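# Analysis of the macromolecular model
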Amino acid sequence: DEAIAGYNRVLSVDPTDASALFNLATIYEDERDDVDQAETFLEMAVASDPTHVQALLKLAWMHCERRMDKNVYGTFDQSLCDKRDSDAEDCYRKALAADPTNPEVLMGLGAFLCHVRNDDEGAQEYLSRAVQSSPLNVEAVTCYAHFLEKA
């Protein structure tokens, strides 16, 4: 609660402070288990700073995690799933434009293309680029190796 109050004070001075918005999103997601509020803060952070890579990555991941959520009537809605998929890909591509050699971005986009879009060619491109950009990154190497085992 103290951290939330501190970030709210920052936002009272500068309501567009993307770092404060991102940190609030993280608190609401991780500590409060309020994914809706976290998503709102992430959207605000990205609107304030369209190149905030960590906010874009977290928002993309959130869209992927929530793609199968039910609609307000409690049923699955393919159009909502499709929108979340489109929004996730958009976030990954914006993050990639902001930081084209970031292994987290490259892995995220590669995994998204593989698992959501079933685009093995695109997935291989981005996963291999993740390893090239950071050859000592164990997560990137492992992710690419798992992809190659599957292919």
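Here, the structure is the one placed above.
Residues numbered from 1 in each chain as written. Predicted model: local features only at pLDDT ≥ 70, side-chain atom pairs only at ≥ 80, totals over all residues. Heavy atoms only, no water.

Take the packing of helix α4 (residues 53–65) against helix α6 (residues 103–115) next. The relative placement of two packed helices comes down to the angle between their axes together with the axis-to-axis distance. Across the interface, α4 lies against α6 with an axial gap of 11 Å and an inter-helix angle of 20 degrees. In this view, α4 runs roughly parallel relative to α6, as classed from their interaxial angle. Between α4 and α6 lies a crossing whose hand is left-handed. For the pair α4 and α6, the contacting residues are Val-53, Gln-54, Leu-57 and Cys-64 in the first and Glu-104, Val-105 and Phe-112 in the second. In the contact of α4 with α6, the residues fall into five nonpolar, one polar and one charged. (Axes fitted to C-alpha atoms, helices over the stretch in contact; angles between N-to-C directions. Helix = DSSP H or I, 4+ residues; strand = E, 2+ residues; numbered from the N terminus. Parallel < 35°, antiparallel > 145°, perpendicular 65-115°, else oblique. Left-handed = near helix turned anticlockwise from the far one by under 90°. Contact = heavy atoms within 4.5 Å. Nonpolar A, V, L, I, M, F, W, Y, C, P; charged D, E, K, R; others polar.)

Okay, α6 next. The first and last C-alpha atoms of α6 sit 18 Å apart over 13 residues, in line with the 18 Å expected at 1.5 Å per residue. Buried within α6 are the following residues: Pro-103, Val-105, Leu-106, Met-107, Gly-108, Leu-109, Gly-110, Phe-112, Leu-113 and Cys-114. Contacts from the buried residues of α6 go to α4, α5 (78–98), α7 (120–133) and α8 (138–150). N-capping of α6 is provided by Asn-102, with a side-chain oxygen placed 2.8 Å from the backbone N of Glu-104. (Expected span 1.5 Å × (residues − 1). Buried < 20%, exposed > 50% of the residue type's maximum accessible area, 1.4 Å probe, protein only. Polar contact = N/O pair within 3.5 Å; in protein donor to acceptor, adjacent residues only side chain to side chain.)

Below, the discussion takes up the environment of Asp-77. You can see Asp-77 is positioned in the loop between α4 and α5. When its relative accessible area of 24% is taken as the criterion, Asp-77 is described as partly exposed. Taking the C-alpha atoms as reference points, Asp-77 and Leu-127, 50 residues apart in sequence, are found 30 Å from one another. Within the local environment of Asp-77, its side chain forms a polar contact with the side chain of Ser-79, the two groups lying 2.6 Å apart.

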